[in-house]
Amino acid sequence: VIEARNLSYRPPNQSRSARPSSMGMEMEMKKEEGFSSFGRKLANNNESPMNGFILKGVSCIARPGEILAIAGPSGAGKSTLLEILGGRLHHHHQEDEEEEDEGNVVVNHRAMSAATLRRISGFIPQTDVVFPLLTVRETLMFSARLRLPGSATARAEMEARVDALLSELGLSHVSGSRVGGGDGNNVRGISGGERRRVSIGVDAVHDPAVLLLDEPTSGLDSTSALHVLDMLHSMAKARSRTVILTI
């Protein structure tokens, strides 16, 4: 169970004298049939000023076997919250003595350092970061050799892990195909939805307890987006993973 308690975040270079006027934002969590999401309440600047904070007093909880969806418009702080939960962004930016403690992230009721959060989680960015000329299997093997512990007998274990992951991702039928795509090149390869699943596999190859995905359905058609979410639902249920994503 990963839990955020009263998180606040303000960019470190944001001074008190030059804070942008913004709308106050309060977040509350809604949960229905194992699927969690954020509801947003907006107040005008006079009622609840954000004072330069991107996040202010945000709390949430994500449990194993469930998908937590952070929903909101562009600029609401969804990606910032995701990066804090994954230990990739430090949320304590106290600029003076009167700044209050800005919350923490706990796992199984124990406070965790940023390094520990990075170790137990897999973070999948919105943009697919893959090599277009590698095949799907080569891409996952490359990630496995970087992330899994190496030994004289590890090669067979890595290949077994990659085979299982290909099946879990629904990519076994295209394992020998080039990934393709990428900016500035015309390398033909697999479809956009399949490429997104490869990106997920790159960060899931070491079997993290928590998967964090920044807008995994962005840029996909409705059918591909449905396949990706169905796959994430299966991954959460089958391995009791905690899956947190933004929409």
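Residues numbered from 1 in each chain as written. Predicted model: local features only at pLDDT ≥ 70, side-chain atom pairs only at ≥ 80, totals over all residues. Heavy atoms only, no water.

Participant: Explain the pairing of strand E10 (residues 242-246) to me, and be specific about the residues and the numbers.
Facilitator: Taken across its five residues, E10 has five buried, putting it largely inside the fold. On E10, burial covers both faces: Thr242, Ile244 and Thr246 on one face and Val243 and Leu245 on the other are all buried. Note that strand E5 (residues 67-70) and E10 share four bridges and pair parallel. Across the sheet, residue Ala69 finds its bridge partner in E10, namely Leu245. In the sheet, strand E9 (residues 210-213) pairs with E10 via four bridges, with the strands oriented parallel. Each bridged residue has a counterpart across the sheet, and for Leu213 the counterpart in E10 is Leu245. (Buried < 20%, exposed > 50% of the residue type's maximum accessible area, 1.4 Å probe, protein only. Helix = DSSP H or I, 4+ residues; strand = E, 2+ residues; numbered from the N terminus. Pairing = 2+ DSSP bridges.)

Participant: Break down the packing of helix H4 (residues 154-169) against helix H5 (residues 192-204) for me, with residues and values.
Facilitator: In contact at an axis separation of 10 Å, H4 and H5 are set at 140° when each is read in the N-to-C sense. On the basis of their axis angle, the class for H4 and H5 is oblique. As for the relative orientation of H4 and H5, their crossing is right-handed in sense. Along its contact with H4, which presents Arg161, Leu165 and Leu169, the element H5 presents Arg197, Ile200, Gly201 and Ala204. For the contact of H4 with H5, the per-class residue count stands at four nonpolar, one polar and two charged. (Axes fitted to C-alpha atoms, helices over the stretch in contact; angles between N-to-C directions. Parallel < 35°, antiparallel > 145°, perpendicular 65-115°, else oblique. Left-handed = near helix turned anticlockwise from the far one by under 90°. Contact = heavy atoms within 4.5 Å. Nonpolar A, V, L, I, M, F, W, Y, C, P; charged D, E, K, R; others polar.)

Participant: Describe the environment of His109, naming the residues involved and giving the relevant values.
Facilitator: The residue His109 is located in the loop between strand E6 (104-107) and strand E7 (110-111) in this model. Exposure remark for His109: the relative accessible area of 66% places this residue in the exposed category. With 106 residues separating them along the chain, His109 and Glu3 place their C-alpha atoms 7.9 Å apart.

Participant: Could you give an account of the environment of Arg155, naming the residues involved and the relevant values?
Facilitator: One can find Arg155 in helix H4. Relative accessible area serves as the criterion here: at 46%, Arg155 is assigned to the partly exposed category. The residues touching Arg155, leaving out its near neighbours within four places in the chain, are Met141 and Arg145.

Participant: Can you explain the nonpolar core? Please cite residues and give values.
Facilitator: Counting 35 residues, the largest nonpolar core has Val136, Leu169, Ile200, Leu213 and Leu232 as the members making the most contacts within it. When contributions to this core are tallied by element, the ones reaching two or more residues are E5, helix H3 (136-147), H4, H5, E9, helix H6 (222-239) and E10. Non-local contacts of Leu213, meaning those with residues more than four positions away in its chain, are made with Leu82, Ile124, Ile200, Leu232, Val243, Ile244, Leu245 and Thr246. Ranked by size, the runner-up nonpolar core spans 21 residues in total, among them Leu7, Ile70, Leu81 and Leu212. (Core = buried A, V, L, I, M, F, W, Y, C linked by side-chain atoms within 4.5 Å.)

Participant: Can you lay out a nonpolar patch on the surface for me, pointing to particular residues and giving the numbers?
Facilitator: Together, Phe131, Phe142 and Leu146 give the surface a local cluster of nonpolar side chains, amounting to about 350 Å² of exposed area. Positionally, Leu146 belongs in helix H3. (Patch = residues over 30% accessible without salt bridge, like charges linked within 9 Å, V, L, I, M, F, W, Y side chains within 5 Å. Areas by Shrake-Rupley, 256 points an atom, 1.4 Å probe, with all protein chains shown as cover. Salt bridge = Lys/Arg side-chain N within 4 Å of Asp/Glu carboxyl O.)

Participant: Describe the packing of aromatic side chains, with residues and values.
Facilitator: Taken as a whole, this structure holds one aromatic pair when the rule is applied. Aromatic side chains Phe131 and Phe142 sit 5.8 Å apart centroid to centroid with 90° between the ring planes, which places their arrangement in the edge-to-face category. A residue pair is termed long-range when its members are at least 10 positions apart, and Phe131 in the loop between strand E8 (121-124) and H3 and Phe142 in helix H3 qualify at eleven residues. Classification of Phe142 by relative accessible area gives partly exposed; the value is 43%. Above the face of the Phe53 ring, Lys56 is positioned so that its terminal group lies 4.1 Å from the ring centre. (Phe/Tyr/Trp six-rings, centres within 6.5 Å; stacked < 30°, edge-to-face > 60°. Lys NZ or Arg CZ within 6 Å of the ring centre and 35° of its normal.)

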